[in-house]
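What the coordinates show
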Amino acid sequence: MATDFDVIIVGGGGAGLAAAIEATKLGASCIVLEADTKLGGATALSAGVFYAADTSVQREAGVEGDTADAMFTYVMAVNQWALKPDVIRLICDESGPTVEWLRSLGTRFIKEFLVVSGVDDMPRGHSSEGAGGGIADALINAAGALGVQTALGTRVERLLFEDGRVTGVHAGGMDLHGAVTIITTGGFGNSPEMIAKHFPTAAQHGSWTWAVHDPAPFILGDGITLGEQVGAGIAGHDTGLLLPTSGVGKFVEAFLPPWIMMVNEDGRRFAPETSSYTVCGYLINEQTNAHAFAIFDDPTMLEASNDSSYLDPYNSGLATPTWEEATLRKRIASGDVKVADTLVELAAKCGIDGAALVETARRYNADIADGVDRQFFKKAKKLFTVETGPFYAVEVKAAIIGVTGAGLDADRQCRVLDTHGVAIPGLYGAGEVLGVLQGKRYAGGGFSIGPAVILGREAGRQAAVEALSHREAVA
Ligand SMILES: Cc1cc2nc3c(=O)[nH]c(=O)nc-3n(C[C@H](O)[C@H](O)[C@H](O)COP(=O)(O)OP(=O)(O)OC[C@H]3O[C@@H](n4cnc5c(N)ncnc54)[C@H](O)[C@@H]3O)c2cc1C
């Protein structure tokens, strides 16, 4: 078969660019086809946090002793081993070397913003200067320096499939032949149909549901459709990251304010209000009717609500304040935020068990009087009681899509697998389009860009080796 390129890459975000760089370095001719008018995808829009173990940035920050083994143990445990161990092992082993690789390409990780971004104690969230742009720009520049061809405004519509093998793509009315094709089209957060089908926990929130990928117009799940056309299996049903929100609009939020007391319909607390999004949104969605209520009193709103220091621990510049007093006052006036003189009346307005709410507040207040949250170990620079009316209730749902988890089934070599688990000849995948990266919980901030770049590199290497042997075979 004559080919136009050794490797065709569909999607020019973090995974696609990393794949192009590695494949080109191994001598393969590559083209990146990008539907948007610019490269970078969600990677460029992101907060730019990269989850990694055993890095020079950790050591510069005085964090010693982290290992890929420890990262593997944590990621598998927090996901109850509901992930492919060999894929996760590769991600953990390559996380450190990939941070060094990105640094060598010009990404600047800031040691002062190395954060604990999961629910273990190890700081593995590497924040890059310039947020996601700091990672995307490094990749775009490196691909450019290597002479990788790119075609912008080119949305791939289908894969070419001949004699049981993917032989290229169809885009813009023409066929392009490649020995190997890599799908790196990202997630599906901007497609309501895909969300309904593959992420029902997100879909249940109706008009509250939206994805932080909103400004990236082609995060529509095309890669899933392309793969399915050639028999790909779909994995990771209903997994992904859902961030908590008070439903105020399309503002990037990831953390709840520390000064609220959060309860479910039973009037019970069920999580530390300051918990990481590794667990917070999942716990909210596990409550009756998949929602919760932030309860606070008037003195707390007056004293605490204008302090936004909790919003953006990764220093990304992306988070928007939505809980400050002016916004709350508007929402109280519109009836959106409930207000009452007593907790029992407030509970009645929200459908919460009133007696339980009173008891929950009593225990919470008693703990705070002693300076410690004995039940849930909430960490905050100051804890606020709920005791002086009027009292307020803000409904909270975990409805903002941070990452979609469902996608193409793949193996450790990034080969796309069919519904029987057999590799589809000529087809690889990497990044958010894969359904093998997210499990029961999001491991921690950075566990999407990390796997995207790591597996992008791996897919590029594997694809190049296969394409070059194909080139030799037809020569
Ligand atoms: C605001 C925001 C903040 C985030 N913060 C973080 C964070 O700090 N850490 C973290 O780990 N994750 C974060 N994420 C998630 C993370 O950015 C993504 O999961 C990751 O970057 C995905 O990389 P990717 O290469 O798979 O896809 P992308 O970078 O999204 O690239 C996919 C590309 O494919 C293109 N494409 C789609 N369909 C086609 C088609 N048919 N033909 C051609 N091209 C196509 C798209 O236009 C896009 O450019 C964030 C996401 C957002 C939006």
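Quantities reported herein were computed from a predicted structural model and do not represent experimental measurements.

As for the domain arrangement of the chain
- In terms of domains, the chain is made up of domain 1 (5–186 + 221–239 + 405–474) and domain 2 (242–400).
- Using C-alpha coordinates to define each centre, domain 1 is positioned 36 Å away from domain 2.
- Listed by partner, the interface residues are 19 residues for domain 1 and 12 residues for domain 2.
- Of the roughly 1,200 Å² buried where domain 1 meets domain 2, counting both sides, 63% is carbon and sulfur surface.
- For the pair domain 1 and domain 2, the interface holds one salt bridge.

Details of the packing of helix α5 (residues 85–105) against helix α6 (residues 131–145)
- At a minimum axis separation of 9 Å, α5 and α6 run at an interaxial angle of 70°. In terms of their interaxial angle, α5 and α6 are classed as roughly perpendicular. Regarding α5 and α6, the two cross each other, and that crossing is left-handed. Contact with α5, carried on its side by Trp101, Leu102 and Leu105, involves Ile135, Ala138, Leu139 and Ala142 of α6 and no other residues of that element.
- Residue composition of the contact of α5 with α6, grouped by class: seven nonpolar, no polar and no charged.

Observations concerning the side chain of asparagine 79
- Relative to the helices and strands, asparagine 79 is located in the loop between α4 (68–78) and α5.
- The buried category is assigned to asparagine 79, whose relative accessible area is 1%.
- Reaching out from asparagine 79, the side chain makes a polar contact with the backbone oxygen of valine 75 at a distance of 2.9 Å.
- Among the polar contacts made by the side chain of asparagine 79, one reaches the main-chain amide nitrogen of glycine 439 at a distance of 3.5 Å.
- Beyond its immediate sequence surroundings of up to four residues, asparagine 79 is in contact with Gly439, Lys440 and Arg441.

Describing the pairing of strand β1 (residues 5–10)
- When you tally the buried positions in β1, you get six out of six residues, the bulk of the element.
- By the bridge criterion, five bridges tie β1 to strand β8 (residues 174–183) in an arrangement that is parallel. The partner of isoleucine 9 across the bridge, within β8, is isoleucine 182.
- The pairing of β1 with strand β2 (residues 30–33) spans four bridges and is classified as parallel. Within β2, the position partnered with isoleucine 9 by the bridge is valine 32.
- In terms of handedness, the path from β1 via helix α1 (residues 14–25) over to β2 forms a crossover that is right-handed.

Let's talk about the pattern of salt bridges
- Counted under the stated rule, the structure contains 30 salt bridges.
- One salt bridge in this structure joins aspartate 214 and lysine 250, with 3.4 Å as the shortest N-O distance. With a gap of 36 residues between them, aspartate 214 in the loop between β9 (210–211) and α9 (222–229) and lysine 250 in the loop between β11 (240–245) and β12 (261–263) connect regions that are remote in the sequence.
- For glutamate 359, the salt bridge is made with arginine 362, and the minimal N-O distance between the two is 2.9 Å. Of this pair, glutamate 359 and arginine 362 both sit in helix α14 (residues 354–369), three residues apart, which is roughly one turn of that helix.
- Beyond isolated ion pairs, a larger network of salt bridges with shared partners links Glu22, Lys25, Arg412, Arg457, Glu458 and Arg461.

Rules used in this analysis
- Residues numbered from 1 in each chain as written.
- Predicted model: local features only at pLDDT ≥ 70, side-chain atom pairs only at ≥ 80, totals over all residues.
- Heavy atoms only, no water.
- Domains from an automatic or database assignment.
- Contact = heavy atoms within 4.5 Å.
- Buried area = accessible area lost by both parts, 1.4 Å probe.
- Salt bridge = Lys/Arg side-chain N within 4 Å of Asp/Glu carboxyl O.
- Axes fitted to C-alpha atoms, helices over the stretch in contact; angles between N-to-C directions.
- Helix = DSSP H or I, 4+ residues; strand = E, 2+ residues; numbered from the N terminus.
- Parallel < 35°, antiparallel > 145°, perpendicular 65-115°, else oblique.
- Left-handed = near helix turned anticlockwise from the far one by under 90°.
- Nonpolar A, V, L, I, M, F, W, Y, C, P; charged D, E, K, R; others polar.
- Buried < 20%, exposed > 50% of the residue type's maximum accessible area, 1.4 Å probe, protein only.
- Polar contact = N/O pair within 3.5 Å; in protein donor to acceptor, adjacent residues only side chain to side chain.
- Pairing = 2+ DSSP bridges.
- Right-handed = clockwise from strand over helix to strand, strands pointing away.

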